[in-house]
Amino acid sequence: MKQDKPVVVMVGLGYIGLPTAALVASRGLHVKGVDVNPGVVETINQGKIHIVEPDLAGLVKRMVEEGYLEATTEMPEGDVFVVAVPTPSRGEEHVPDLSYVESAVRNVAPKLRRGNLVIIESTSPVGTTEKMHALLNELRPDLEGDFHMAYCPERVLPGRVLYELQHNDRAIGGIDEESTRRAIDFYRHFVKAELYPTNARTAEMVKLVENASRDVQIAFANELSLISDKAGINVWELIDLANKHPRVNILRPGTGVGGHCIAIDPWFIVHDYSDEARLIRTAREINNYKTLWAAEKVKNAALEFEKEHGRKPLIAAMGLAFKPDIDDLRESPALALARMLKAQGLDVVAVEPNLEGDRYEEFQLVTAGEALDKADIIAFLVAHTPFKGMKVPESKKVLDFVNAVTYPAK
Ligand SMILES: NC(=O)c1ccc[n+]([C@@H]2O[C@H](COP(=O)([O-])OP(=O)(O)OC[C@H]3O[C@@H](n4cnc5c(N)ncnc54)[C@H](O)[C@@H]3O)[C@@H](O)[C@H]2O)c1
């Protein structure tokens with residue numbers, strides 16, 4: 001491998017792959033991006049982008065125009081191959097689906113040359129890099145193992161990807177020390193933060209554990225909200241006061257846990273270590289249960305309203321996104337909750353300040369003002385900033401699962 005300016009092949013040009021490809025290109029390295037989706041390839045080659053990420057459009061345009069970045073559907077040759085394809089989990093059992101990673105690695109195999117480096121960035125179950133290494137050895141016995149392989153997890157926050165790619169520390173684990181060293185050399189081209197060497201299995205687990213840790217901590221807060229409800233205690237006041245302890249930091253409860261990382265990655269651990277990962281599994285279950293519990297609360301309020309007023313109430317779902325102040329609906333517990341209410345035959349309108357009404361059809365989107373005016377039950381599902389401290393008329397029934405209007409912190 002030419003260590004000074006390796007030719008980089010980025011496999012998978014999505015939310016992770018495209019910003020990484022553009023950033024690497026901006027360091028004067030030639031990057032060939034590969035994607036199975038011809039539409040994605042065509043868009044990028046026109047200097048445009050297919051995802052939403054601040055500052056990315058300008059960078060991609062410049063890199064394509066300057067000839068440092070080009071996209072293709074055919075796997076090219078190169079020095080460093082970086083795999084950033086999806087790794088979803090499937091079905092009730094949440095079985096990790098490695099088919100995209102395997103297919104990407106199978107496509108790399110015929111192009112692999114002696115001394116090349118293959119890096120997997122896709123969130124993966126422990127042992128994936130070793131498995132893919134074995135697969136490449138099987139497909140290319142002629143190379144006699146003379147290539148390098150490493151795993152390097154991604155921890156960027158959508159909306160800040162270009163900044164965080166450069167400024168977040170990273171764990172880098174090769175299948176041997178030489179692989180780790182070469183992978184670190186590669187990331188040095190664009191990462192300004194610390195690069196920590198480890199082995200591939202540990203690096204894979206680091207990523208899964210980061211998200212499982214958040215999940216477990218949120219589950220603790222969600223469990224407290226269930227206990228407090230039964231005990232007649234305001235959970236927000238409880239947490240606020242407990243957090244006055246200098247070594248306690250309880251997170252905030254909500255309607256569950258969503259998104260494409262925290263709600264999914266812990267299952268990769270549970271699936272492979274089911275006897276041991278009892279807390280991690282339970283946390284997943286608690287966070288999922290919290291959505292059902294909250295839906296039940298709204299349903300009961302609706303039944304009471306109907307008994308009292310002789311008509312069905314109109315329910316306002318305040319927020320649909322999976323966390324505050326974004327428009328991302330992936331695995332969103334708020335959206336799941338609103339769907340459950342609708343499936344029960346309840347009348348639901350939604351307030352989602354981060355979505356444009358004409359681009360979203362599943363729920364009728366109304367403004368917060370219209371919701372407060374027309375709805376009978378106001379259910380706060382996401383702690384969006386515009387909801388904070390909102391004045392809800394006394395005549396309305398309020399269910400506040402995210403402390404939008406309940407308790408001002410001391
Ligand atoms: N998006 C994030 O914030 C984030 C954060 C941390 C980790 N990750 C992980 O990074 C990985 C990629 O995530 P993403 O959000 O970029 O996904 P994405 O869906 O945005 O992009 C993946 C791209 O890979 C392409 N692809 C699929 N199979 C391919 C193949 N065999 N060859 C070439 N291209 C192929 C798809 O067409 C798509 O364009 C996942 O494992 C994810 O869990 C994502």
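Chains are numbered independently. Their residues run from 1 in the order of the written sequence. pLDDT decides what is reported in this predicted model: residues at 70 or higher carry local features, side-chain atom pairs at 80 or more are listed and counted, and totals for whole chains, interfaces and linings draw on all residues regardless. Side-chain calculation: all heavy atoms of the structure are included, whereas hydrogens and water are not.

It is worth spelling out empty space enclosed by the protein at this point. Residues are said to line a cavity or pocket when one of their atoms sits within 4 Å of a point; the points come from a 1 Å grid over protein atoms alone, cavities being sets where a 1.4 Å probe fits but cannot get out and pockets being open sets with protein on both sides within 12 Å along at least five of seven lines. Grid points are joined across faces, edges and corners, and a volume is the space filled by probe spheres set on the points. Inspection of every chain in the model, using the stated rule, returns one cavity of 30 Å³ or more. Within this model, the largest cavity holds a volume of roughly 40 Å³. Every residue lining the largest cavity is listed: Pro153, Glu154, Arg155, Val156, Glu164, Leu165, Asn168 and Arg170. For the lining of the largest cavity, the per-class residue count stands at three nonpolar, one polar and four charged. When residues are grouped by polarity, Ala, Val, Leu, Ile, Met, Phe, Trp, Tyr, Cys and Pro land in nonpolar, Asp, Glu, Lys and Arg in charged, and all others, Gly among them, in polar.

Throughout, exposure labels follow a simple rule: accessible area from a 1.4 Å probe, protein chains only, divided by the maximum for the residue type, with under 20% read as buried, over 50% as exposed, and the rest as partly exposed. Strands here are runs of E lasting at least two residues and helices are runs of H or I lasting at least four, both read from the DSSP assignment and numbered beginning at the N terminus. With six of eight residues buried, helix H10 (residues 265-272) is to be regarded as a mostly interior element. Restricting attention to buried positions, one finds in H10 the residues Asp265, Pro266, Trp267, Phe268, Ile269 and Val270. Where H10 is buried, its residues meet strand E5 (89-90), strand E6 (95-96), helix H8 (200-231) and helix H11 (278-309). Contacts were defined at the residue level, with two residues in contact if any of their heavy atoms lie within 4.5 Å.

Glancing now at the domain arrangement of the protein. What the domain assignment reports for the protein is domain 1 (8-193) and domain 2 (210-400). Each domain span listed reflects an automatic or database assignment of domains. Relative to domain 2, the C-alpha centre of domain 1 lies at a distance of 35 Å. Counting from both sides, the interface comprises 14 residues of domain 1 and, opposite them, ten residues of domain 2. Throughout, buried area stands for the accessible area (probe radius 1.4 Å) lost by two parts on being put together, summed over both. When domain 1 packs against domain 2, the two sides together hide about 990 Å² of surface, and 62% of this comes from carbon and sulfur. Three residues, His94, Pro96 and Thr123, lead the burial of domain 1 against domain 2; their summed loss comes to 37% of the area buried on that side. Between Lys or Arg on one side and Asp or Glu on the other, a salt bridge is scored when a side-chain nitrogen of the former is within 4 Å of a carboxyl oxygen of the latter. Counting the contacts that link domain 1 with domain 2 gives one salt bridge. Taking the shortest distance from any N to any O, the salt bridge between Arg155 and Glu210 comes out at 2.2 Å. Between N or O atoms, a polar contact is any pair within 3.5 Å; within protein, one atom must be a potential hydrogen donor and the other a potential acceptor, and residues adjacent in sequence are included only when both atoms are from side chains. In this assembly, domain 1 and domain 2 are joined by one residue pair in polar contact (both at pLDDT 80 or more). For the side of domain 1 that touches domain 2, the class distribution of residues is seven nonpolar, five polar and two charged.

Our focus in this paragraph is the packing of helix H1 (residues 17-26) against helix H3 (residues 56-65). For the pair H1 and H3, interaxial distance at closest approach is 9 Å and the crossing angle is 50°. Classified by the interaxial angle, the pair formed by H1 and H3 is oblique. Viewed along their axes, H1 and H3 form a crossing whose handedness is left-handed. Between H1 and H3, the contacting residues are Leu18, Pro19, Ala22, Leu23, Ala25 and Ser26 on the first element and Leu56, Leu59, Val60 and Met63 on the second. Counted by class, the contact of H1 with H3 contains nine nonpolar, one polar and no charged residues. Each axis is a line fitted through C-alpha atoms, taken for helices only over the stretch in contact, and angles between the N-to-C directions span 0 to 180 degrees. Comment on the angle field: the value is read as roughly parallel under 35 degrees, roughly antiparallel over 145, roughly perpendicular from 65 to 115, and oblique elsewhere. In this scheme the crossing of two helices becomes right-handed for a clockwise turn of the near helix relative to the far one and left-handed for an anticlockwise turn of less than a right angle.

So, on to the site of the ligand. Neighbouring residues are identified by heavy atoms, a residue being near a molecule or strand if any of them is within 4 Å of it. Around the ligand, 23 residues are found, and the nearest of them are Tyr15, Ile16, Asp35, Thr87 and Thr123. Here an oxygen atom of the ligand and a side-chain polar atom of Asp35 are 2.6 Å apart. Coverage of the ligand by the protein chains reaches 87% of its 830 Å² of free accessible surface. The leading source of residues in the shell around the ligand is helix H4 (residues 99-108), at three residues. Residue exposure ignores everything except the shown protein chains as possible cover, and the areas themselves are Shrake-Rupley values with a 1.4 Å probe.

Within the sequence span of H4, burial applies to Val101, Ala104, Val105 and Val108. Angular distribution of buried residues about the axis of H4 spans 95°; they occupy a single face of the element. To be clear, the arc concerns the directions from the helix axis to the C-beta atoms.

With that out of the way, let us pick up the packing of H8 against helix H9 (residues 235-242). Angle between the axes and distance between the axes: these two values describe a pair of packed helices. Where H8 contacts H9, the two axes come as close as 9 Å, and the packing angle between them is 125°. The angle between H8 and H9 places the two elements in the oblique class. The two elements H8 and H9 meet at a crossing, and its hand is right-handed. Contacts from Leu224, Ser225 and Ser228 in H8 reach Val235, Leu238 and Ile239 in H9. When the residues that make up the contact of H8 with H9 are grouped by side-chain class, the tally is four nonpolar, two polar and no charged.

On to the layout of surface pockets, then. Here the second largest pocket is characterised by a volume of approximately 320 Å³. Residue lining of the second largest pocket: 15 residues in total, with Asp229, Val235, Trp236, Trp293 and Asp400 positioned closest to the centre. Contributions of two or more residues to the lining of the second largest pocket are made by H8, H9, H11 and strand E15 (397-400). The residue inventory of the lining of the second largest pocket, partitioned by class, reads seven nonpolar, four polar and four charged.

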